[in-house]
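The residues making up each chain are set out below.
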Amino acid sequence: PSLTALVEPFGNFSPMRVLWWSIGASPAYEIFAGSTEILGGMLVIFPRTTTLGALVCLADMIQVFTLNMTYDVPVKLYSFHLILFSLFLLAAGSRRIISFFFSDRAIRPSAQPPLFRTVHANRIAFILQVTFGLYLAVMQLHGGIKVWYTRGGGRPKPSIYGIWDVAQMTIDGQIRSPLLTDYDRWRRVIFDFTTSTSFQRMDESLANFGSSIDDESKTLTLAKDNDKNWKTNFTFDRTARDRLVLDGAMDGHRIHMELELVDRNQFSLVNRPFHWINEYPFER
């Protein structure tokens, strides 16, 4: 889960984000679910394991389609099409599959005719099929690695990465008390990505900005996606590991903020270790 997800009220999440962050909160399940999808796809590539691969894909996609439908994820039709493709691959051997699971009769070998008349042509078709399947797998692996290092856990993080509580804030020299009714007073500043920064107001709503950080000049530049003419700069000074000072201007007002770093490990969602035996349910 992103840093903003850790401090944003749960009730503000859409059903899709609840699903996304729930899966992301359990990397082991995320890896398991993704690995089963890869397994089904790889088994489908080879003719001798197509039936087994289609069964694995069918089970995978029924789960994915159910989640998409119940959590309002946009790719409902796409996952449903993958279910139909799996059923299409299973159709030719449906009688053998039904007999295997629901009868005590011996299962005869598949009687499907070869694709081509000659052994040489079928061998070429097999090589092309496997080569194309492996090409798709390699391309997906390459794309996954790229996403991991640009937007995932392996992405570069800003030097001032973290959730920062605004301990004190002044606007035009006037100290603003942390009142829930003060819309202009920030509650937190969140540096999670190198290209964006989030500010959380006292009412816990979020304001997101495009951003860039220059560590040499210690400058933070903010911009708005919906207003190309809006831009502002802050200077920052990290006086200690858990202390940060921001000075700058925003919407015509001089702003000074003194920030304190929040320990990410204080959140139960990310610090709860694995327990093989639970004496009591850990529900918080």
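The present account deals with the structure reproduced in this document. (Residues numbered from 1 in each chain as written. Predicted model: local features only at pLDDT ≥ 70, side-chain atom pairs only at ≥ 80, totals over all residues. Heavy atoms only, no water.)

Here the structure, examined in full by the defined rule, presents nine aromatic pairs. Aromatic pair Phe-65 and Phe-80: ring centres 5.4 Å apart, planes at 40°, arrangement tilted. Taken as a pair, Phe-65 in helix α4 (residues 50–70) and Phe-80 in helix α5 (residues 76–91) lie far apart in primary sequence, 15 residues in all. Overall, the relative accessible area of 21% leaves Phe-65 in the partly exposed class. The exposure class assigned to Phe-80 is partly exposed, which follows from its relative accessible area of 35%. Site record: aromatic cluster; members linked through ring pairs are Trp-186, Phe-199, Phe-209 and Trp-230. Above the ring of Tyr-161, the side-chain terminus of Lys-157 is found at 5.7 Å from the ring centroid. (Phe/Tyr/Trp six-rings, centres within 6.5 Å; stacked < 30°, edge-to-face > 60°. Helix = DSSP H or I, 4+ residues; strand = E, 2+ residues; numbered from the N terminus. Buried < 20%, exposed > 50% of the residue type's maximum accessible area, 1.4 Å probe, protein only. Lys NZ or Arg CZ within 6 Å of the ring centre and 35° of its normal.)

What follows deals with the nonpolar core. Trp-186, Phe-191, Leu-222, Phe-234, Met-250, Met-257 and Leu-259 are the most contacted members of the largest nonpolar core, which has 22 residues in total. Of all the secondary structure elements, the ones that give two or more residues to this core are β1 (162–171), β3 (186–193), β5 (206–214), β6 (219–224), β7 (227–240), β8 (243–250) and β9 (253–262). Of all the elements, β1 adds the most residues to this core, at four residues. Contacts of Phe-234, omitting those with residues within four sequence positions, involve Lys-218, Thr-219, Leu-220, Leu-222, Leu-246, Asp-247, Gly-248, Ala-249, Met-250, Ile-255 and Met-257. (Core = buried A, V, L, I, M, F, W, Y, C linked by side-chain atoms within 4.5 Å. Contact = heavy atoms within 4.5 Å.)

One pass over the full model with this rule turns up nine salt bridges. For Arg-17, the salt bridge is made with Glu-8, and the minimal N-O distance between the two is 3.3 Å. A salt bridge links Lys-76 to Asp-72; its shortest N-O distance comes to 2.9 Å. Given a relative accessible area of 21%, Lys-76 falls into the partly exposed group. Asp-72 gets classed as exposed once you look at its relative accessible area, which sits at 51%. Linked through salt bridges whose partners overlap, the residues forming this network are Asp-242, Arg-243 and Glu-260. (Salt bridge = Lys/Arg side-chain N within 4 Å of Asp/Glu carboxyl O.)

For the pair α4 and α5, the least separation of the axes is 8 Å and the interaxial angle reads 155°. Between α4 and α5, the crossing angle belongs to the class labelled roughly antiparallel. Pair α4 / α5 crosses with left-handed handedness. Side by side, α4 and α5 meet where Thr-50, Thr-51, Ala-54, Leu-55, Cys-57, Leu-58, Met-61, Ile-62, Val-64, Phe-65, Asn-68 and Met-69 of the first sit next to Lys-76, Ser-79, Phe-80, Leu-82, Ile-83, Ser-86, Leu-87, Leu-89 and Leu-90 of the second. (Axes fitted to C-alpha atoms, helices over the stretch in contact; angles between N-to-C directions. Parallel < 35°, antiparallel > 145°, perpendicular 65-115°, else oblique. Left-handed = near helix turned anticlockwise from the far one by under 90°.)

Summarising the sheet, strand β4 (residues 196–201) and β5 pair through five bridges and their orientation is antiparallel. Each bridged residue has a counterpart across the sheet, and for Phe-199 the counterpart in β5 is Ala-207. Hairpin connection from β4 to β5: four residues lie between these consecutive antiparallel strands, with Glu-204 at a positive phi of about 75°. Here β5 runs beside β6; their pairing, made up of five bridges, is antiparallel. Note that in β6 the partner of Ile-213 across the bridge is Leu-220. A loop of four residues connects β5 with β6, the two strands running antiparallel in sequence, and Lys-218 in this loop sits at a positive phi of about 55°. (Pairing = 2+ DSSP bridges.)

To continue, consider the pairing of β6. By the bridge criterion, six bridges tie β6 to β7 in an arrangement that is antiparallel. Across the sheet, Thr-219 pairs through a bridge with Thr-235, a residue of β7. Where β6 folds back on β7, the antiparallel hairpin that results is connected by two residues.

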